[in-house]
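For reference, the chains in residue letters:
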Amino acid sequence: MTHPVDGPGHGRGTGLVGRGPECALLDELIANVRSGESGVLVLHGTPGVGKSALLEYAERSATDMRVLRAVGVESEMELPFATLHHFCSPLLDRAKRLPAPQREALETVFGMRAAPAPERFLVALGVLSLLSDTAEERPLLCVVDDAQWMDHASAQVLGFVARRSQAESMGLLFGARERPRDLLGLPDLAVTGLRDADAHALLDSVTRVRLDQRVRDRFVAETRGNPLALLELPRGLSVTQLAGGFGLPHADMLPARIEESFLARIADLPDQTRLLLLVAAAEPTGDPALVWQAASRLGARPETALVDGTDGLLSFGARVIFRHPLVRSAVYRSARADERRAVHKALAEATDPHTDPDRRAWHLASAAAAPDESVAAELERSADRAQARGGPAAAAAFLRRSAALTVDTARRAERALAAANAAFRAGDLDAARELLAAAERDAEEEFQRARAYLLRSRITFAAGFNDQAPPMLLAAARRLERFDMKLARETYLVAWATATFAASDGDVLTEISRAVRELPAPDGGPGTLDLVLEGYALLVTEGYNAALPTFRKVMPALVDYPAQDLLAWGWATCGVSCALWDDRVMHETYARAVEVARSAGALTELPIYLASLGISTVMAGDLAAATAIVAESEAVAAATGMPIAQHTKLLLTAVQGKETEAADLIADTIEWASADGQTNAVTCAHWAAAVLYNGLGRYERALPAARTIRRIDQAFVAMWVLPELVEAASRVGEETVAREALQGLVDAAGMCDTDWARGILARSRALLSEGAAAEDLYREAVERFGRTRLRPELARAHLLYGEWLRRERRRAEAQEHLHAAYGMFVSIGMEAFAERARRELLVSGEAVGKRGPAAPSSDELTEQERQIALLARDGFSNSEVAARLFLSPRTVEWHLRKVFTKLAITSRRQLRTALPVSEYEATAG
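Parameters and conventions
Residues numbered from 1 in each chain as written. Predicted model: local features only at pLDDT ≥ 70, side-chain atom pairs only at ≥ 80, totals over all residues. Heavy atoms only, no water. Salt bridge = Lys/Arg side-chain N within 4 Å of Asp/Glu carboxyl O. Helix = DSSP H or I, 4+ residues; strand = E, 2+ residues; numbered from the N terminus. Axes fitted to C-alpha atoms, helices over the stretch in contact; angles between N-to-C directions. Parallel < 35°, antiparallel > 145°, perpendicular 65-115°, else oblique. Left-handed = near helix turned anticlockwise from the far one by under 90°. Contact = heavy atoms within 4.5 Å. Nonpolar A, V, L, I, M, F, W, Y, C, P; charged D, E, K, R; others polar. Expected span 1.5 Å × (residues − 1). Buried < 20%, exposed > 50% of the residue type's maximum accessible area, 1.4 Å probe, protein only. pLDDT = per-residue confidence, 0-100. 1 Å grid on protein atoms, 1.4 Å probe; cavity = no way out; pocket = protein on both sides within 12 Å on 5 of 7 lines; lining within 4 Å. Points joined across faces, edges and corners; volume = space filled by probe spheres on them.

S.K.: What is the right way to read the pattern of salt bridges from this model?
M.R.: If charged atoms from side chains of opposite charge come close, those side chains can pair. Applying the stated rule across the entire model yields 58 salt bridges. As a salt-bridge pair, Arg-731 and Glu-803 come within 2.6 Å of each other at their nearest N and O atoms. Remark: Glu-803 occurs in helix α41 (residues 791-807) and Arg-731 occurs in helix α37 (residues 717-731); sequence separation between them is 72 residues. Connected through shared salt-bridge partners, Glu-724, Glu-727, Arg-731, Arg-796, Glu-803 and Arg-836 make up one network.

S.K.: Help me understand the packing of helix α34 (residues 659-676) against helix α35 (residues 679-695), please; the structure alone is not making it clear to me.
M.R.: The axes of two packed helices give the description: the angle between them and the distance between them. Between α34 and α35, whose axes approach to 9 Å, the crossing angle comes to 155°. In this view, α34 runs roughly antiparallel relative to α35, as classed from their interaxial angle. As α34 packs across α35, the resulting crossing turns out to be left-handed. For the pair α34 and α35, the contacting residues are Glu-659, Ala-662, Ala-663, Ile-666, Thr-669, Ile-670, Trp-672, Ala-673 and Ser-674 in the first and Ala-681, Val-682, Ala-685, His-686, Ala-688, Ala-689, Leu-692 and Tyr-693 in the second. Counted by class, the contact of α34 with α35 contains 13 nonpolar, three polar and one charged residues.

S.K.: Help me understand helix α46 (residues 889-903) in this model?
M.R.: Structurally, the α-helix is built with 3.6 residues per turn, so residues lying three or four positions apart point the same way. Compared with an ideal rise of 1.5 Å per residue, which puts 15 residues at 21 Å, α46 spans 21 Å between its outermost C-alpha atoms and is within 8% of the ideal. Arg-890, Thr-891, Val-892, His-895, Leu-896, Val-899, Phe-900 and Leu-903 are the residues of α46 that are buried. With its phi angle positive at about 60°, Ala-904 sits one or two positions after the end of α46.

S.K.: Before we go on, may I ask you to explain the confidence of the model for the chain in this structure?
M.R.: Low pLDDT means the predicted atomic positions in that stretch should not be read closely. Summarising the model, the chain shows a mean pLDDT of 84, and 88% of its residues fall at 70 or more. Model confidence for the chain, summarised as mean pLDDT per element, is weakest for strand β1 (residues 2-5) at 41 and strongest for helix α39 (residues 755-767) at 97. Note that pLDDT drops below 50 for residues 852-857; the model gives that stretch eight contacts with residues more than four away or on any other chain. Overall, residues 919-925 carries pLDDT values under 50, and its contacts beyond four positions in sequence, including any with other chains, amount to 14 contacts.

S.K.: Sorry, what's going on with empty space enclosed by the protein here?
M.R.: Vacant regions in the atomic arrangement are exposed by a probe of water-molecule size rolled over the atoms. Applying the stated criterion to the full structure yields five cavities of 30 Å³ or more. By volume, the largest cavity is sized at about 210 Å³. Residue lining of the largest cavity: 18 residues in total, with Met-619, Trp-687, Glu-724, Glu-793 and Arg-796 positioned closest to the centre. Listing elements by their share of the lining of the largest cavity, those giving two or more residues are α31 (606-619), α33 (647-656), α35, α37, α39 and α41. A per-class count over the lining of the largest cavity returns 14 nonpolar, no polar and four charged.

The structure is reproduced here in C-alpha cells:
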C-alpha cells in the first residue's frame with residue numbers, strides 16, 4: 001500500500017520541521033513493535049526529499065529498542081551480502097544459537113568458514129532467525145538507508161525477512177529513491193516535498209536577501225518543496241539571480257542542479273582537500289584509517305587537507321560520511337579519469353590482500369588503464385570466492401571485469417562464458433545473454449562454442465520457450481560428445497526431460513532417444529545417470545517392456561543417490577519410479593528428495609519434488625498431508641517469487657470433488673500452460689478433470705478430458721489417466737475407445753508385477769468383462785489394492801465392484817462393498833465419490849444420510865495454521881517447523897496459540913486427538 005503524503009523532512013542532516021503524516025506512521029509502527037508485532041515500511045522519494053531525516057527520526061524515537069543500521073553504497077552493489085554484512089555484524093555472536101544449517105550458511109556467506117555455496121534462502125532464513133532471536137530480548141528496529149544501492153543478495157534476503165516476519169517485536173524501515181525490485185509489494189510511503197509554509201520558512205532561513213513573493217513562490221514550486229534543494233541551490237546563485245528569480249531550476253533537472261551546486265562548492269576547495277574527497281568517494285566502506293592511508297600515499301595529509309575544513313561536505317568519525325550521496329557522486333564524476341585511476345591504485349595498495357582481497361581486486365581493476373592479465377587473474381580468483389559464498393551475481397560482475405582486462409582472446413572468451421554462466425545462475429537472463437554474445441564473439445575453440453550453445457539452450461528453456469529448447473539442447477549434447485561425454489550425457493538427460501514439457505509433437509523426444517541409444521558405452525560401466533538415460537531412450541524407442549529391466553536396475557541407486565546429483569539433475573529422474581508402478585518406492589524416493597532439497601535450502605528444485613510428493617500423497621489418500629504440501633509449495637513461491645505449477649492442488653481438488661474450485665483451477669491451468677507450451681501441466685489438468693467428472697458420475701465430461709492425453713511417451717501422468725479413460729468410455733458405451741485405452745495400460749503396466757500395476761489392470765479389465773470373469777477381476781483388484789498404500793484406488797475398486805453387483809441384482813453383496821467404499825471415501829475426504837457411492841446404496845434399497853468430511857472441528861484453521869499444527873502434532877519443535885516453512889520460531893508460536901484457541905485445546909499433546917493421524921500416516925514408514 002502506498003501512502004502519498006506531504007512530509008516535514010528537511011533531508012539528510014537538516015532536521016524536521018514538525019510531526020507530519022509520515023512521523024505519525026513511523027510512531028504507529030514503532031508502537032506496534034513495542035507491543036510485540038512486526039512492522040515494515042519502505043520510504044521512497046527523490047534525492048534530498050527527507051527520507052534520511054525521517055529514518056533518523058524513527059531511530060531517535062526508538063529509545064527503548066535496539067537499533068541496527070546499514071547504508072547501501074553504490075560501489076558495493078556487485079559485492080554479495082555487503083550491505084547485509086554491515087547490518088548483521090553486531091549480531092554474529094548470536095549465530096551459535098541458530099540451527100546448524102542456518103548458522104553454517106551465514107558463516108559461509110560472511111567469509112567466516114570455507115564451505116560450498118549455501119542456497120540463498122537458507123541464508124535468508126538464518127537472518128530471519130537471527131533477528132527474531134535478538135528481538136526476543138528487546139524490541140528491534142532495523143534501518144537501511146539508500147536501499148536502492150543494496151547489493152542484490154542483501155536485498156533479496158532483507159525482502160524475504162520483511163515478508164516472513166509476522167509476530168516478532170521487530171520493525172524494518174527502508175529508505176530508497178525508488179522502490180527496489182526485491183522490496184516491491186511491501187508497505188511503502190511516498191515521501192514528497194515540504195508543505196508550502198514549511199518550504200517558504202526554510203528558504204527564508206538560507207537566503208541572504210529579501211525575495212519578492214512571486215520569486216519565493218516560484219522557487220518553492222520549481223523545487224517542489226525539496227528541502228535539500230532549498231538549502232543548497234541558493235548557495236550557487238548570486239544576489240541578483242536570487243532577487244530576480246534567474247537561474248531557478250526546472251523540477252525535472254533538480255538532482256542534476258543539486259549536484260552542480262555541490263560541484264561549485266567542491267571546486268572552491270584546496271587541491272589536497274578535493275583529493276581527500278575523491279579518495280573517500282572511491283572507498284565504499286567509510287573506513288577512516290583506510291581513507292587516510294590511501295590519501296597519504298597521494299600526498300594528502302590531515303594537517304593540510306583539513307586545515308580549512310571541507311565546507312560541510314565530508315565528516316570524519318567512526319565512519320567517513322558525505323553530507324549526501326549526491327556529494328559522493330559529484331566528487332567522483334567530476335574527477336579526471338587519470339585521477340580516479342590513481343586513487344583506486346592507492347586504495348588497492350592500502351587494502352589488506354588477506355582480509356579484503358575482493359575489494360582490493362576491484363580497486364586494481366578500476367586503476368587499470370589497459371588490459372592487464374595479472375589484474376584479470378586476481379578478479380577471477382575473487383569470482384571464485386564470491387561463488388563459494390553463494391553470490392553468483394557478484395561472481396558474474398568480477399568475471400565480466402576480468403574478461404574485459406584479458407589480453408588473450410581464448411582466455412577472454414572463457415572468462416566471458418564463465419561470467420554468463422554465473423549471471424544465468426543468478427537469474428539475470430539479460431546479462432547472461434549479453435555476456436554470452438561476447439563469449440561467442442571471441443570463442444576460437446569448438447569446445448568453447450559448444451558450451452556457449454549449451455548455455456544459450458538453457459537460457460531459452462529458462463525464459464519459457466519450451467518448444468525451442470529441446471532441439472537446441474539436443475544439438476548442444478551432440479556437439480559436446482567430442483569433448484566431454486559426461487557433460488554430454490547430462491545434457492541429453494536434461495534435453496529428454498525438457499522435451500516432456502514441450503508442446504510440440506513427439507519427434508524431438510524420439511530424436512533425443514535415438515541419439516542416446518547411439519552413444520558409446522560409458523567408460524567403467526554405466527552409472528546412475530547412464531542407466532536413467534538408457535531407460536528413457538528405450539521407453540520411447542522400444543516401449544515400456546523394453547525399458548523396465550533398466551528402470552528396475554537403476555531404481556535402488558535412485559532411492560539413495562548422492563544429494564549433489566539429486567540437486568543437479570535429479571528432477572529429470574522422477575519418472576523412473578512411476579514407470580515401475582511401485583507406490584511405496586515412489587513415495588520413499590520423493591520424500592527423500594524433498595528432505596534433501598529442504599535441508600540444502602534448494603528452493604529452485606524443492607517445488608518440483610514437492611509436486612511429485614504431493615501427487616503421491618494424494619494418490620495414497622492423505623489429503624490433509626497433501627494440503628500441507630500445497631501450502632508449503634505456495635510458501636516457497638511466495639518466498640522466491642517464482643511461479644509454480646499447481647499439479648498437487650489440481651489433483652487434490654479433483655479427488656476431493658470440489659467441482660467449482662477444481663473446474664476453475666483446471667481451466668486456468670489449461671489456459672496459461674497452453675500459452676506457455678507447458679504440456680506437462682496441461683496433461684495434469686486433463687487428468688484432474690477426468691478424475692473429477694468420474695467422481696461426479698458425469699462420464700460424458702470425463703471422456704473428452706481423458707482422451708485429450710494421447711502422447712503416452714510424453715509424460716508418465718499420461719499412463720495414470722488411462723484407467724480414467726477406460727472407466728469413462730465403458731460407462732458411455734464407447735467400448736472401442738475403452739479397449740484401446742486398456743491396451744495402452746497393458747503396454748504400460750503389463751510387465752510390472754506390483755500390486756498397484758496388477759490391481760489397476762484387474763479393475764480396468766473388469767469394466768470390460770462379464771460374468772465370472774468380471775467378478776474374479778474385481779476381487780483381484782480389491783485384494784491387490786488392499787496391499788498397497790493407495791486407499792482411494794481400493795475404495796474405487798469396492799465402488800465399481802459394488803455397482804457391478806447391484807446391476808447383477810446381488811443386493812446384499814453390493815451393499816457390503818458400497819458401504820466399504822462409502823466409509824473410505826468419507827474418511828479420506830473424497831466428497832464426490834462418496835456421494836456417488838451413497839446414490840448407489842439408495843438405488844440398492846438402503847437409505848444412507850449424507851456425511852461430511854472427517855475432522856470438522858479443524859475446518860476453521862487456515863492452510864498455514866493447519867500445516868503448522870500437523871507438523872507440531874508430529875513432534876517437530878517450533879524451530880524445526882519454522883525452518884521448514886520459512887518462518888521464525890516466534891511466528892510459529894503465534895500461529896500455534898491461534899490453533900489452540902480454534903481447536904479448544906491447551907497443549908501440543910492434544911493435537912493428536914484434535915487432528916487424528918490418518919490411516920495412511922499410521923502405516924507409513
